[in-house]
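A look at the structure
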Amino acid sequence: MKSRLEKLLKIPAFVAMIQHEFERPLNKEYMTDVYDCPAWQTFMGPATFPNKRMGLLFCVDAIPAFAAGTLSLKPAEFINLSLPPALRTLSENIMLLMLLPNNLEKGPAQKKYYDWAADFELNDIVRNGLSFFYY
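Computed from a predicted structure; not experimentally measured. Just so you know, the residues in each chain are numbered from 1, in the order the chain's sequence is written. Per-residue local features are limited, in this predicted model, to residues with pLDDT of at least 70; the limit for side-chain atom pairs, both in listing and counting, is 80 or more; totals at the level of whole chains, interfaces and linings are taken over all residues. Based on all heavy atoms of the structure, the side-chain values leave hydrogens and waters out of the count.

1. Examining the packing of aromatic side chains
Between 30 and 60 degrees the pair is tilted, below 30 it is stacked and above 60 it is edge-to-face, where a pair is any two Phe, Tyr or Trp rings, Trp via its six-membered ring, whose centres lie within 6.5 Å. Across all of its chains, the model carries five aromatic pairs by this definition. Among the aromatic residues, those joined into a ring-pair cluster are F58, F78 and Y114.

Put into structure tokens, the structure is as follows:
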């Protein structure tokens, strides 16, 4: 995950897209995006330019793996909320973290996968951040 994000930050077009929060039209009378909610403001802080942070939404849901319906999988993925709304959920902008089998019981059987992802994929990003290659 870290290497994928760092490679994206080498692409000027991607870097321009994640400036959306700072550059977007703003009307303080309305909540028009996730950036306007108090939880975002508290957790992420004010928008700055250039943007040196990304807000990622973690999503997991079961999908049929084949048209026959014989197997379901749970993609665990991130939606980058720092992108403009129209681009966030395009398949090319969703970052797949892992595929989980849907037949696992809830609780400890699934927890080991989430713990592994945290230990080997995410904790380093949280603790050490990413290398930024722009500006």
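2. What about helix 6 (residues 108-128)?
What sets the pattern is the α-helix's 3.6 residues per turn: residues three or four places apart point alike. Secondary structure is summarised from DSSP: a helix means a run of H or I of at least four residues, a strand means a run of E of at least two, and numbering begins at the N terminus for each. Any helix carries an expected span of 1.5 Å times its number of residues minus one. In a regular helix each residue adds 1.5 Å, so 21 residues correspond to 30 Å; helix 6 covers 28 Å between its end C-alpha atoms and thus fits that length. The inward-facing, buried residues of helix 6 abut helix 1 (2-8), strand 3 (72-80) and strand 4 (95-101). With its phi angle positive at about 75 degrees, G129 sits one or two positions after the end of helix 6. Whether two residues are in contact is decided by their heavy atoms, any of which lying within 4.5 Å being enough.

3. Looking at the pattern of salt bridges
A carboxyl oxygen of Asp or Glu within 4 Å of a side-chain nitrogen of Lys or Arg is what we treat as a salt bridge. Tallying each qualifying case throughout the model produces five salt bridges. D33 is the salt-bridge partner of R88, the closest N and O atoms lying 2.7 Å from each other. Taken together, the residues R88 in helix 5 (residues 85-88) and D33 in the loop between helix 3 (20-23) and helix 4 (38-44) connect sequence positions 55 residues apart. In this pair, the class of R88 matches that of D33, namely buried. For D115, the salt bridge goes to K111, with nearest N and O atoms at 2.6 Å. With a gap of four residues between them, D115 and K111 both fall in helix 6, about one helical turn apart. Exposure is judged per residue with a 1.4 Å probe applied to protein chains only, and the accessible area is read against the type maximum: over 50% gives exposed, under 20% gives buried, and values in between give partly exposed.

4. Overview of the nonpolar core
Residue types Ala, Val, Leu, Ile, Met, Phe, Trp, Tyr and Cys, when buried and joined through side-chain atoms within 4.5 Å, form a set referred to as a nonpolar core. Ranked by internal contacts, the top residues of the largest apolar core, which has 17 residues, are M1, L5, L9 and M54. Looking at this core, the elements with two or more residues in it are helix 2 (12-17), strand 3, strand 4 and helix 6. Of all the elements, strand 4 adds the most residues to this core, at four residues. Once residues within four sequence positions are removed from consideration, M54 is found in contact with L5, L9, F14, I18, M44, N80, S82 and L130. If you look at the next biggest cluster of nonpolar residues, it comprises six residues, including Y35, C37, W40 and L81.

5. Brief notes about the environment of E23
Of note, E23 is situated in helix 3. Separated by 18 residues in the primary sequence, E23 and L5 place their C-alpha atoms 21 Å from one another. Ignoring any residue separated from it by four or fewer positions in sequence, one finds E23 in contact with A16 and F49.

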